[in-house]
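Each chain, letter by letter, is given below.
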Amino acid sequence: MLEKNLFTLIPKVDDLLGKENIINLLNTMPRNMVLDSIREETELIREKIKNKIQEDEIIGDIQRIETNIIKNAELKSSYKLKRVVNATGVVVHTNLGRSVINEKIMENINEVVTHYSNLEYDLTKGIRGSRYSHLEEIITKCTGAEAAMIVNNNAAAVLLVLNTIAKDREVIVSRGELIEIGGSFRVPDVMTQSGACLVEVGTTNKTHLFDYENAVNESTAALLKVHTSNYRILGFTSSVSANELVELKQKYNVPIIEDLGSGVLLDLSKYGLEYEPTVQDSIKNGVDIVTFSGDKLLGGPQAGIIVGKREYIESMKKNPLTRAFRVDKFTIAALEGTLKYYLDEDSAVREIPTIRMLTDSLDLLENKALKLKSYIDNIDIDYFDSTIEDDYSEVGGGSLPLEKIPTKCLVLSLYDKSVQRFEEYLREFSIPIIARLYKDRVYFDLRTIEEDELSIVVEGIKFALEELKECNL
Ligand SMILES: *Cc1c(COP(=O)(O)O)cnc(C)c1O
């Protein structure tokens, strides 16, 4: 058909506005939004005609224009930040929101944020209170520290600690611990921002106690230990533990700061994972100030938790930066709910989704995989195959980088269809499904797929397979 004739087949905007489907749409969303969708979809067809795309694809687009307009408008009006299914097996997935909060604590969060609260009000005295007071008792109980406070994230915590303790003075750090965490958190840069002067000691692979000792002078404000959470140096190595640094603290009267990164409160080695130093251990060993994240292995909301000696915590509360880093009531409520589970180890393992997923047994995962496979095999489409395979999940979030946790995956392969397009369609599903593409097959790791998400995964796979069928790809 001539290009000119193809253009005449595109429905007019006014005609589209008179269609029943579109009228229904106008009843549920703003007219301008619908008009934008109509213009975008008709423009898309015009571009395809101009670019001499195959005629039957263009005719198909014209036939489906109403459906495409509705899809386009629905996408426009949907929330931009929304729920997804994490089928990657990376438990603490920074791109997917890190830690999942237990639904049971939402009840209290909901109660607090949809009403007034005692956020900064002392109910006993009837006067202004502190937003940090709600958490201090439970954090000190869980960690054994004297005092505690929280800020927006661990990056802010490290900055605040260094700025309070070491501004215009020196902080000694091992060269093996000058880490970079994703999202450009680099220890030397944070140090510069804080106004502290970095004194590097030792070498990349070896640092000894005498390296620290030789660097101590009257300008030394602190010794800093940074947990190398997202990498390991292997081979001919040695580093000085916080435990050993305590010797110098007593001799020279300089405080020890430790950035633990993940900050676990449970000994995960009991559950078959690699030992990750706990906050309690650092405090017991005599570290003066410990910082860690709220949403990594702790399994709570995004937050930076600072624990340690009262004199330091009190001076941090007075630092003007604290106002800039202060947490919202959402965070406080979510963190209090999460920490309550830690008062009893069994409840922490059962009720905190991050910890539960990391410790779920292979049997349990295999059961979920079998269930998922039986639903999938019932789908009445014949160009795919499914198997259950052994694989490895990861902790993620820059924690336990070497840990490979055995898991079970449902693996899909397609015949004569594009597996890349299939994976794209999974992400376009109303609840997007984020799966792993590896060697032309799609992996769904059951460790991070909750039991009640199995039906969503089935619907998403069905949706993607059907879209693929329509596309003839
Ligand atoms: C993750 C991490 C940080 C940054 O923590 P956020 O909570 O993401 O800001 C800082 N230090 C270490 C060692 C970390 O592992």
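Cut-off values and rules
- Residues numbered from 1 in each chain as written.
- Predicted model: local features only at pLDDT ≥ 70, side-chain atom pairs only at ≥ 80, totals over all residues.
- Heavy atoms only, no water.
- Near = heavy atom within 4 Å.
- Polar contact = N/O pair within 3.5 Å; in protein donor to acceptor, adjacent residues only side chain to side chain.
- Areas by Shrake-Rupley, 256 points an atom, 1.4 Å probe, with all protein chains shown as cover.
- Helix = DSSP H or I, 4+ residues; strand = E, 2+ residues; numbered from the N terminus.
- Nonpolar A, V, L, I, M, F, W, Y, C, P; charged D, E, K, R; others polar.
- Buried < 20%, exposed > 50% of the residue type's maximum accessible area, 1.4 Å probe, protein only.
- Pairing = 2+ DSSP bridges.
- Core = buried A, V, L, I, M, F, W, Y, C linked by side-chain atoms within 4.5 Å.
- Contact = heavy atoms within 4.5 Å.
- Axes fitted to C-alpha atoms, helices over the stretch in contact; angles between N-to-C directions.
- Parallel < 35°, antiparallel > 145°, perpendicular 65-115°, else oblique.
- Left-handed = near helix turned anticlockwise from the far one by under 90°.

A. Here's a closer look at the site of the ligand. Residues in contact with the ligand amount to 13 residues; listed here are only the nearest, Ala155, Ser229, Asp259, Ser293 and Lys296. For the ligand, an oxygen atom lies 2.9 Å from a polar atom in the side chain of Arg98. At a separation of 2.9 Å, an oxygen atom of the ligand approaches a polar backbone atom of Ala155. A total of 380 Å² of accessible area belongs to the ligand in isolation, and the protein chains cover 94% of it. Secondary-structure elements contributing two or more residues to the shell around the ligand are helix 9 (154-166) and strand 11 (256-261). Along the lines of polarity and charge, the residues of the shell around the ligand split into four nonpolar, six polar and three charged.

B. Molecular detail of the pairing of strand 6 (residues 170-174). By the criterion of burial, strand 6 is predominantly enclosed, with five of the five residues buried. Of the two faces of strand 6, the one carrying Glu170, Ile172 and Ser174 and the one carrying Val171 and Val173 are both buried. One ladder, built from five bridges, connects strand 6 with strand 9 (residues 197-201); its direction is parallel. Bridge assignment links Ile172 to a residue of strand 9, and that residue is Val199. In terms of strand pairing, strand 6 meets strand 10 (residues 220-226) through four bridges, oriented parallel. In the strand pairing of strand 10, Glu170 is matched with Thr220.

C. The nonpolar core, seen in detail. With 79 residues, the main nonpolar core has Val307 and Tyr342 as its most contacted residues. Apart from the residues within four sequence positions on either side, Val307 is in contact with Ile139, Thr143, Ala145, Ala147, Ala148, Val279, Ile283, Asp288, Ile289, Val290, Phe292 and Ile313. With 32 residues, the next largest nonpolar core counts Leu410, Val419, Ile449 and Leu465 among its residues.

D. Broad picture of the packing of helix 3 (residues 20-28) against helix 6 (residues 65-77). Put simply, helix 3 and helix 6 touch, their axes get as near as 10 Å, and they point 15° apart. The orientation of helix 3 relative to helix 6 falls into the category roughly parallel. Crossing handedness for the pair helix 3 and helix 6: left-handed. Contacts from Asn21, Ile22 and Leu25 of helix 3 reach helix 6 at Glu66, Ile69, Ile70 and Ala73.

E. Highlighting the sheet that holds strand 10. Read across the open sheet, the seven strands follow the order 5-13-12-11-10-6-9; overall the sheet is mixed. Lying at the two open borders of the sheet, with one neighbouring strand each, are strand 5 (147-151) and strand 9. On average, each strand axis in the sheet is inclined to that of its neighbour by 25°, with strand direction left out of account. Most of the contacts of helix 10 (residues 187-194) go to strand 10, to which it runs at about 150°, and overall it touches strand 6, strand 9 and strand 10.

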